[in-house]
Amino acid sequence: MTSCGIVGLPNVGKSTLFNALTGNQVDAANYPFCTIDPNIGTVPVPDERLPILSKMSGSKKIIPAVTTFVDIAGLVEGASSGEGLGNQFLTNIRETDAIVHVVRCFEGDVIHVNGGVDPLRDIEVINIELVLSDLQMVGNVLPRLEKNARGNKEALLVIDLLKKVQSHLNENKPVRSLFLTDEERALLQIYPFLTAKKVLYLANIGEEDLPGMNNLYVERVRAYALAEGNEVVPICAKLESELAQLEEKDRQELLESLGLKEPGLNRLIKAAFKMLGLINFLTTGEQETRAWTIKAYTKAPEAAGKIHGDLQKGFIRAEVVSFDDMVKYGNRNGTREAGRLRSEGKDYVVQDGDVIVFLHN
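Residues numbered from 1 in each chain as written. Predicted model: local features only at pLDDT ≥ 70, side-chain atom pairs only at ≥ 80, totals over all residues. Heavy atoms only, no water.

*Asks:* Can you help me understand the overall build of the chain in this one?
*Replies:* Each helix and strand counted, the chain has 14 helices and twelve strands in total. By residue count, 49% of the 361 residues in the chain fall in the buried class. Sequence-distant contacts in the chain: of pairs separated by 6 or more residues, those separated by 24 or more amount to 68%. Of the roughly 17,800 Å² of accessible surface on the chain, a fraction of 51% belongs to carbon and sulfur atoms. (Helix = DSSP H or I, 4+ residues; strand = E, 2+ residues; numbered from the N terminus. Buried < 20%, exposed > 50% of the residue type's maximum accessible area, 1.4 Å probe, protein only. Contact = heavy atoms within 4.5 Å. Areas by Shrake-Rupley, 256 points an atom, 1.4 Å probe, with all protein chains shown as cover.)

*Asks:* Help me understand the packing of aromatic side chains, please; the structure alone is not making it clear to me.
*Replies:* Pairs of aromatic rings are described using the distance from one ring centre to the other and the angle between the two planes. Inspection of every chain in the model, using the stated rule, returns five aromatic pairs. Taking the centre distance of 5.8 Å and the plane angle of 90° together, the rings of Phe-281 and Phe-358 count as edge-to-face. Separated by 77 residues along the polypeptide, Phe-281 in strand β8 (residues 278-284) and Phe-358 in strand β12 (residues 354-360) bring together distant segments of the chain. Just as Phe-281 is buried, Phe-358 falls in that class too. Linked through ring pairs, Phe-281, Trp-292, Phe-315 and Phe-358 together constitute an aromatic cluster. (Phe/Tyr/Trp six-rings, centres within 6.5 Å; stacked < 30°, edge-to-face > 60°.)

*Asks:* Would you mind going over the nonpolar core with me for this structure?
*Replies:* The nonpolar side chains of a soluble globular protein tend to be buried, and buried together. The biggest cluster of nonpolar side chains holds 69 residues, and the ones touching the most others in it are Leu-17, Leu-21, Phe-69, Tyr-201 and Leu-268. Looking at this core element by element, the count peaks at seven residues for helix α10 (residues 264-275). Those residues in contact with Leu-21 that sit more than four places away from it in its chain are Ile-6, Val-43, Phe-69, Leu-265, Leu-268 and Ile-269. Within the second largest apolar cluster, 21 residues are counted, among which are Val-131, Met-137, Leu-142 and Val-175. (Core = buried A, V, L, I, M, F, W, Y, C linked by side-chain atoms within 4.5 Å.)

*Asks:* Just to check I follow, could you spell out the side chain of Thr-67 for this structure?
*Replies:* Position of Thr-67 relative to the elements: it lies in strand β4 (residues 66-71). For Thr-67, a relative accessible area of 0% translates into the label buried. Those residues within four positions of Thr-67 in sequence are excluded, and the remaining contacts are Thr-2, Gly-41, Thr-42, Val-43, Val-45, Ile-269, Phe-273 and Leu-276.

*Asks:* Explain helix α11 (residues 300-307) here, please?
*Replies:* It helps to recall that an α-helix has 3.6 residues per turn; residues three or four apart then point in one direction. The set of residues buried in α11 consists of Ala-300, Pro-301, Ala-303 and Ala-304. For α11, the angular spread of buried residues about the axis comes to 160°, placing them on one side. Against the buried residues of α11 lie β8, β9 (288-295), α12 (309-313), β10 (315-322) and β12. (Arc of directions from axis to C-beta.)

*Asks:* Help me understand the confidence of the model for the chain, please; the structure alone is not making it clear to me.
*Replies:* Detailed reading of the predicted coordinates is not advisable wherever pLDDT is low. For the chain, per-residue confidence averages 88 on the pLDDT scale, and residues scoring 70 or more make up 89% of the total. A low-confidence stretch, residues 24-36 stays under pLDDT 50, and its non-local contacts, those more than four residues away or across chains, total 38 contacts. (pLDDT = per-residue confidence, 0-100.)

In structure tokens form, the structure reads like this:
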């Protein structure tokens, strides 16, 4: 299962955010290092299509897609050399698939580890520590490879590639910004570079900035992220934590009173899901309506294998209807009569929102 590590400096709102995401109440006290071990939460991915399909099919239950978030304790300057609890936390980040970088964009009474609110400074502190950690890894790996590389062409290729990465890191640039061929990416896969991971910036704002979710700090983070090709999701973690404690009706009333259409957490989860390169195909029937998670560009047999290995082994074809056509024509029979149900073979690339029945031996 894919996962996103929630990172940031101490007291930027990471644990408050995690509490809201999962309902798993970790200690969000107002002091550094309140989270010692990574807290892991699996959360449902909001998908408005599921209840609609469930109603059509009279399903007994709905099973949404899920994604995993890991609350990693606050990093501080010097983490790469063991400051704070740095080495342990950097290892925890290394084990995740992508990073949600929480940046404080609100004033207030909560103590800031560096004295004042400056989101770009905070981003740079974290990024430098990740770069230094990656440089440390390259520095450890290269001598061993060079010692045993004589006559080994592939090893020599890897050495040259790691030196290219090292040079890029020495310019304080993340690995993800380095142009690599597909072959080079494949060679680097065994090296878990922290700065190779995709990043989603979460701008933690104050309640006074709702519903527009903009302030000068957020705009600075947006400009920084845009230059990197990354996305920013503004959220008021304090509000999200309050919303998580309310019943659905009360939650909707509070959102409407603030001029918001949905909780910010919905936007975060969807954005993280997209960042990981994931999509959902759907199945629906009397027993259940369910979202199945696959990587984008997955072909039909591999998608069938998500449901059961036997479906992939004995794959014959996939009967595919788009979600929009299911809604338009009322059910699968309606789409068949309208000529909108498609029979797809082994080379079909599954699309997000496809409603599929797999036929197999």
